[in-house]
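Each chain, letter by letter, is given below.
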Amino acid sequence: MRKISAALTFSIATLAIGFLVGACGDTSTPNGTTNNGSTATPAASTTTSSAKGLKIGSLLPTTGDLASVGQQMLGSVPLLVDTVNACGGVNGESVNLVQVDDQTDPKAGAAGMTKLATLDKVAGVVGSFASSVSSAAVSIATPNKVMLVSPGSTSPVFTEKAQKGDFQGFWARTAPPDTYQALALAQLANKKGFKRVSTVVINNDYGVGFEKAFVQTFEKLGGTIVNKGKPVRYDPKAQTFDTEAAAAFAGNPDAVLAVLYAETGSLFLKAAYQQGVAKGVQILLTDGVKSPTFPEQVGKGSDGKYILTGAIGTVPGSDGKALEAFNNLWKDKKGGAPGEYAPQAWDAAVLLTLAAQAAKENTGVGVASKIREVANGPGTEVTDVCEGLKLLKVGQDINYQGASGNVDVDANGDVVGVYDVWTVEDDGKIKVIDKVTPK
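Remember, predicted model here, so these are calculated numbers, not experimental data.

What counts and what doesn't
Residues numbered from 1 in each chain as written. Predicted model: local features only at pLDDT ≥ 70, side-chain atom pairs only at ≥ 80, totals over all residues. Heavy atoms only, no water. Disulfide = S-S within 2.5 Å. Helix = DSSP H or I, 4+ residues; strand = E, 2+ residues; numbered from the N terminus. Buried < 20%, exposed > 50% of the residue type's maximum accessible area, 1.4 Å probe, protein only. 1 Å grid on protein atoms, 1.4 Å probe; cavity = no way out; pocket = protein on both sides within 12 Å on 5 of 7 lines; lining within 4 Å. Points joined across faces, edges and corners; volume = space filled by probe spheres on them. Nonpolar A, V, L, I, M, F, W, Y, C, P; charged D, E, K, R; others polar. pLDDT = per-residue confidence, 0-100. Contact = heavy atoms within 4.5 Å. Salt bridge = Lys/Arg side-chain N within 4 Å of Asp/Glu carboxyl O. Axes fitted to C-alpha atoms, helices over the stretch in contact; angles between N-to-C directions. Parallel < 35°, antiparallel > 145°, perpendicular 65-115°, else oblique. Left-handed = near helix turned anticlockwise from the far one by under 90°.

Caption draft 1: Seen up close, the state of the cysteines. As enumerated under the stated definition, the model contains 1 disulfide in all. Note on cysteine connectivity: Cys 87 is disulfide-linked to Cys 386, with sulfurs 2.2 Å apart. Sign of the S-S torsion, about -90 degrees for the bond between Cys 87 and Cys 386, identifies this disulfide as left-handed. Note that Cys 87 is positioned in the loop between α3 (76-86) and β3 (96-101) and Cys 386 in helix α15 (residues 385-393), a separation of 299 residues in sequence. For Cys 87, a relative accessible area of 29% puts it in the partly exposed group.

Listed below in structure tokens is the structure:
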């Protein structure tokens, strides 16, 4: 990992500001409020309750290909900051938050991370969601000694790089890597009797990493990958998918594993329907498209039924000891129920604050040095962030039990989790029908 010189860092940061301002003419975002009540722009917003306190950032997709998922988790970090500040903050000072929209784009994510690291000088960042964006962001966070905790970047590539020491301890995630989700989905496909499966994936770290893990597991279970010799991987910037759709459904597969992002994925599935190639073939989906709006994005067929009716998929679930309290807090403060990955985003932000308190310093180095300690113990189990901060202030060790799970972060920054199995019903609603733990 190359170091960035001070002069080069300043130049990149300057370019980043220009990029972010130029890319975001619309100054309104869903749920775009900071913890002091000001309105957030799509590029960034900053809370300014104390210049001396812990400063953290969020780098999440409020626009772009993953906006429909990103907006579901957007409120978690400001909610956590409000909660922590209401019970005394961290190291005796209020926590400050800077929010950046990564636009589901690695270039925008890199620009945003550069701004957070070099201008805002945050100690830690919750983000990103897309693995390709996190790959760009962590290469900037690491040399600048900023702790990056992703609530949803699940590519196995991060495990491999962490094992090589590329991240120097400045990386973790609260969602399990796709080696586990691919295992869960391969086991599900096998259980349902699918013997011949084709794959189509978005051509980035997330899609290709998932494809590799799924193929290995499904073949070990005795299944056949129909298009193994000619995998279908689509360009994230593509707008037409006729060729990819025809290729993915060729060879009479029992099912097609489609590892997609929502915006481009909806276009792919429409193309498959319009060509008639998807008829009678089971669609297997993943977390990248699991949002209430996705069936509507794909649309209805000529018979008036949702094209995605009967599709099944997996998504990292939440079964942590703090989940009920988190759901109640969300309902009280925001109304309704939190969406996908909101618990993982909450836990990521909680770990940043607890680690800073444990280190007794508001720096990235301090956070990185303590984040595994507060996540894994040994120490008193706590589910409430304020209780955890209180114990840490008097020198006691803790073991945080999160909303998404136990968030036991290993040496590679990984956690192991449970997966929800979901399906699309006749009315276009998504329903969780089972839970599976990969074995």
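Picking up where we left off.
Caption draft 2: Up close: unusual backbone geometry. Going from Gly 127 to Ser 128, the amide bond is cis rather than trans, its omega being -15 degrees. Secondary-structure assignment places Ser 128 in the loop between β4 (124-127) and α5 (131-141). For the peptide bond that leads from Gly 377 to Pro 378, omega is 5 degrees, which places it in the cis range. The topology assignment puts Pro 378 in the loop between α14 (364-376) and β13 (380-382). With a phi close to 60 degrees, Lys 145 is a non-glycine residue in the positive phi region. Turning to its location among the elements, Lys 145 is positioned in the loop between α5 and β5 (147-150). Residue classification places Lys 145 among the partly exposed residues on the basis of a relative accessible area of 37%. Unlike most non-glycine residues, Lys 360 shows phi in positive territory, near 60 degrees. Mapped onto the elements, Lys 360 comes out in the loop between α13 (342-359) and α14. Looking at Lys 360, the relative accessible area reads 51%, which means it is exposed.

Caption draft 3: Structural detail: the layout of surface pockets. Here the largest pocket defines a volume of roughly 570 Å³. Around the largest pocket, the lining is made up of 25 residues, and of these Gln 72, Ala 337, Pro 338, Gly 339 and Glu 340 lie nearest the centre. Of all the secondary structure elements, the ones that give two or more residues to the lining of the largest pocket are α2 (67-73), α12 (323-334), α13 and β16 (430-436). In terms of residue count, the dominant contributor to the lining of the largest pocket is α12 (4 residues). When grouped by side-chain class, the residues that make up the lining of the largest pocket number 11 nonpolar, 10 polar and 4 charged. Size it by volume and the second largest pocket reaches roughly 340 Å³. Around the second largest pocket, the lining comprises 18 residues; the ones closest to its centre are Tyr 273, Ala 278, Lys 279, Gly 280 and Ile 307.

Caption draft 4: Fine view of the confidence of the model for the chain. When pLDDT is averaged along the chain, the result is 89, and 88% of the positions lie at 70 or above. Low pLDDT (under 50) marks residues 1-50, which in the prediction has 95 contacts with non-local residues, meaning those over four places away or in another chain.

Caption draft 5: Molecular detail of the pattern of salt bridges. A complete count under the given rule lists 10 salt bridges for this structure. Between Lys 228 and Glu 219 there is a salt bridge, and its shortest N-O distance comes to 3.1 Å. Where Glu 340 meets Lys 290, a salt bridge forms, and the shortest distance between an N and an O atom there is 2.3 Å. Taken together, the positions of Glu 340 in the loop between α12 and α13 and Lys 290 in the loop between β11 (282-285) and α11 (294-298) put the pair 50 residues apart, joining distant regions of the chain. Across the pair, exposure class does not vary: Glu 340 and Lys 290 are buried alike.

Caption draft 6: Representation of empty space enclosed by the protein in the model. Tallied over the full model, the rule gives 3 cavities of 30 Å³ or more. The computed volume of the second largest cavity comes to approximately 60 Å³. Classifying every residue of the lining of the second largest cavity by side-chain character gives 5 nonpolar, 5 polar and 1 charged.

Caption draft 7: Focus on the packing of α3 against α15. Taken N-terminus to C-terminus, the directions of α3 and α15 make an angle of 45 degrees; their axes are 9 Å apart at the nearest point. With respect to each other, α3 and α15 are oriented oblique. Between α3 and α15 lies a crossing of right-handed hand. In contact with Leu 80, Thr 83 and Val 84 of α3, α15 contributes Val 385, Cys 386 and Leu 389. Among the residues making up the contact of α3 with α15, the classes are represented as 5 nonpolar, 1 polar and no charged.

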